[in-house]
Amino acid sequence: MITLGQYNTLNILEKTEDGFILTDNDNEKVLCSEQITSGNSEIGTSIEVFVYHDNDGKKVATFKKPKIQLYQFALLQVVALTKVGAFLNWGLDKDLLVPFGEQKDEMAEGKWYVVYLDIDETTNRLFASSYIEKQLQNINITIEAGEEVDLLVYQQTDLGYVVIINNEHKGLVYENEVFTTLNIGDQLKGYVKKVREDNHIDISIQPIGYRKFNDANSNLILTALSKNDGLLPLTDKSSPEEIYSSLGMSKKAFKKAIGFLYKNRAITLEDSGIKLLK
């Protein structure tokens, strides 16, 4: 069965004036009107395509990469408001509908919202919803303390940043533990600090086990290192402009912070830059 809202590996059945007819193992057919530019287009060749509905409600295949897939979350922009709801740009020819009943707050054209891609079981139509929390569950926790996880930031509160964990759970990154800029819709790696008895999940954006320092600049450098595979191409010979562009701090503050981290055996100083010690 060809699945809507996801990538499908299909076989080229025939070439027509309208494009290529693709089929799956159950002989269901779908049209791809785009030119096949990679690999070959011989009959029987397998290709990977994304499948969704066109304006006429027919399944169509595309090589374009959508910004969201079925049962996933993403930050998308409203491009039009109509009598049936808001339409989002998700990178495909036909915009994605958020029906009025799936808008947690009334949407405005030009604004960005974190949404979830779902499918209506009655009409078999894809739609987006901004009711994020009803798609998350913290009852059956599938992660544990110390584990690296995928995060998407979807809300800021007085305590910090609420995040979607592994496309399944809800967690919190505390404000006083953030030493870099976070924005709604950011996707990044994080680490499980603690799963509480009430199943609330505390998340760190610094690897668990790295020493936490009182100095904000030192923590900012550690955070930047953890996001860049443990290496930053900055040294005490880097220009003030380079340092400020990468870290938002002065060269004087940078040299003081890396000196502190070096003395505490958190980093090594190499010709190519700063390297994080694990």
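See the structure printed just above.
Quick caveat: nothing in here was measured; it's all calculated off a predicted structure.

Calculation criteria
Once a new chain begins, its residue numbering starts again from 1 and follows that chain's sequence as written. Totals for whole chains, interfaces and linings use every residue, but because this is a predicted model, local features are given only for residues with pLDDT of at least 70 and side-chain atom pairs only at 80 or more, for both listing and counting. Excluded from the side-chain calculations are hydrogens and water; all other atoms, namely the structure's heavy atoms, are used. Here, a salt bridge means any Lys or Arg side-chain nitrogen found within 4 Å of an Asp or Glu carboxyl oxygen. Strands are runs of DSSP state E lasting at least two residues, helices are runs of H or I lasting at least four, and both sets are numbered from the N terminus onward. Categorising residues by exposure relies on relative accessible area from a 1.4 Å probe, with only protein chains included: less than 20% of the type maximum marks a residue as buried, more than 50% marks it as exposed, and the intermediate range marks it as partly exposed. For the purposes of these results, a polar contact is taken to be a pair of N or O atoms within 3.5 Å, where, inside protein, one atom must be able to donate a hydrogen and its partner to accept one; residues adjacent in sequence count only when each atom of the pair is a side-chain atom. Residue contacts are counted whenever heavy atoms from the two residues lie within 4.5 Å of one another. For two strands to be treated as a pair, DSSP must find at least two bridges joining them. Axes here mean lines fitted to C-alpha atoms, for a helix over just the part in contact, with angles spanning 0 to 180 degrees between N-to-C directions.

**Observations regarding the pattern of salt bridges**
Summed over all chains, the structure comprises seven salt bridges. Between Lys59 and Glu28 there is a salt bridge, with its nearest N and O atoms 2.8 Å apart. Pair noted here: Lys59 is in strand E5 (residues 59–62) and Glu28 is in the loop between strand E2 (19–23) and strand E3 (29–32), with a separation of 31 residues, a long-range link. A salt bridge links Asp150 to Lys189, with the nearest nitrogen and oxygen atoms 2.6 Å apart. Residue Asp150 is located in strand E11 (residues 148–156), and its partner Lys189 is located in strand E14 (residues 187–195); the two are separated by 39 residues in the primary sequence. For Asp150, a relative accessible area of 39% translates into the label partly exposed.

**Some thoughts on the side chain of Asn138**
Mapped onto the elements, Asn138 comes out in the loop between strand E10 (126–129) and E11. In terms of polar contacts, Asn138 uses its side chain to reach the backbone carbonyl oxygen of Lys170, at 2.9 Å. In this view, Asn138 contacts His169, Lys170, Asn199, His200 and Ile201; residues no more than four positions away in its chain are not counted.

**A short note on the sheet that holds strand E15 (residues 201–204)**
Each strand in a sheet pairs with another by means of backbone hydrogen bonds, the pair being arranged parallel or else antiparallel. If you walk around this closed barrel you meet the five strands as E11-E12-E13-E15-E14, and the pairing is mixed. In this sheet, neighbouring strand axes are inclined to one another by 55 degrees on average, regardless of whether the strands run parallel or antiparallel. Where E14 and E15 come together, four bridges link them in antiparallel fashion. If you follow Val195 over to E15, its bridge partner there is Ile201.

**Considering unusual backbone geometry**
Despite not being glycine, Asn27 shows a phi value in the positive range, around 70 degrees. In this structure, Asn27 sits in the loop between E2 and E3. In this model, Asp229 sits at a positive phi of 55 degrees, which is unusual for a non-glycine residue. The topology assignment puts Asp229 in the loop between helix H1 (216–227) and strand E16 (231–232).

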